[in-house]
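# Structural features, examined
Single-letter residue listing:
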Amino acid sequence: PAAPAGRTPAALLECGEGDLARAELARGLARAGGDRGRLADWAEGLVAWGFPGLALRIGATLGENGAGREWAHPPGYAAAIDAGAAAHGIDAYYVMALIRQESLFDPRAVSPVGALGLMQIMPATGREIADSSGWEGYDVGQLTDPAVNLHFGSRYLEDQLACFDGFWPAVL
């Protein structure tokens, strides 16, 4: 994001205040309104700063034709998604599609029923996965950590695929 709008979020990130930086960036995007050029400029910076969900919202605003196409499916978390999916024998594109639908790449997303994080894991499901995999020190708050959420979510998909003989429509 261009100065001066990016100065406060940058300072907050330097201080380790990612949540406050995200909130400040969201306010900045709201102020950008419908200025398509300004929004497209913001999207690249948002991904670089680790906020692919905000970039995805820009992609949706701009539309998948033209300027929004690049940001309709942001590259954020790509390495973590690939690693989590591969560890559980899951196609990473299914994982990305699920994340886009369930949380818009927002690691702090909370559903109306209490599902958390990128892949929207219910706390009880998180506990079951932690217990069955020997995860030490599980805490429900860990479900908003992208690495933990991707691991648990990919494990859940692996288990569901086994239950439904690999039939993705039943799993999703």
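Here's a quick rundown of the structure. (Residues numbered from 1 in each chain as written. Predicted model: local features only at pLDDT ≥ 70, side-chain atom pairs only at ≥ 80, totals over all residues. Heavy atoms only, no water.)

Time to look at the overall build of the protein. When you go through the protein residue by residue, the secondary structure sums to nine helices and zero strands. Mapped from its N terminus to its C terminus, the protein presents α and β elements in the order α-α-α-α-α-α-α-α-α. Since a compact globule built from 172 residues should have a radius of gyration of about 16 Å, the 17 Å found for the protein is in line with a globular shape. Dimensions of the protein, computed from the C-alpha atoms along their principal axes, are close to 50 × 35 × 30 Å. Considering the protein as a whole, with its 172 residues, one finds that 41% of them fall into the buried category. Counting contacts in the protein only where the partners sit at least 6 residues apart, residues at least 24 apart contribute 47% of the total. Carbon and sulfur atoms make up 54% of the accessible area of the protein, which amounts to about 8900 Å² in all. Looking at the protein, you have 12 positive and 21 negative side-chain charges, and the mean spots of the two groups are 10 Å apart. (Helix = DSSP H or I, 4+ residues; strand = E, 2+ residues; numbered from the N terminus. Rg over C-alpha atoms; globule rule 2.2 N^0.38 Å. Buried < 20%, exposed > 50% of the residue type's maximum accessible area, 1.4 Å probe, protein only. Contact = heavy atoms within 4.5 Å. Areas by Shrake-Rupley, 256 points an atom, 1.4 Å probe, with all protein chains shown as cover. Lys, Arg positive; Asp, Glu negative; His and termini not counted. Charge placed at Lys NZ, Arg CZ, Asp CG, Glu CD.)

This part takes up the packing of aromatic side chains. Evaluation of the coordinates by the stated rule reveals three aromatic pairs. When the ring of Y94 is compared with that of W168, the centres are 3.9 Å apart and the planes differ by 15 degrees; the resulting orientation is stacked. With Y94 in helix α6 (residues 92-103) and W168 in helix α9 (residues 168-171), this pair connects stretches of sequence that are 74 residues apart. Under the relative-accessibility criterion, Y94 is labelled partly exposed at 32%. Note on W135 and F152: the rings are 5.0 Å apart at their centroids and 85 degrees apart in plane angle, and the pair reads as edge-to-face. Here W135 is found in the loop between α7 (123-133) and α8 (146-163), whereas its partner F152 is found in helix α8, with 17 residues between them in sequence. Since its relative accessible area comes to 29%, W135 is described here as partly exposed. We classify F152 as buried; its relative accessible area is 0%. Pairwise contacts between aromatic rings join W135, Y138 and F152 into one cluster. (Phe/Tyr/Trp six-rings, centres within 6.5 Å; stacked < 30°, edge-to-face > 60°.)

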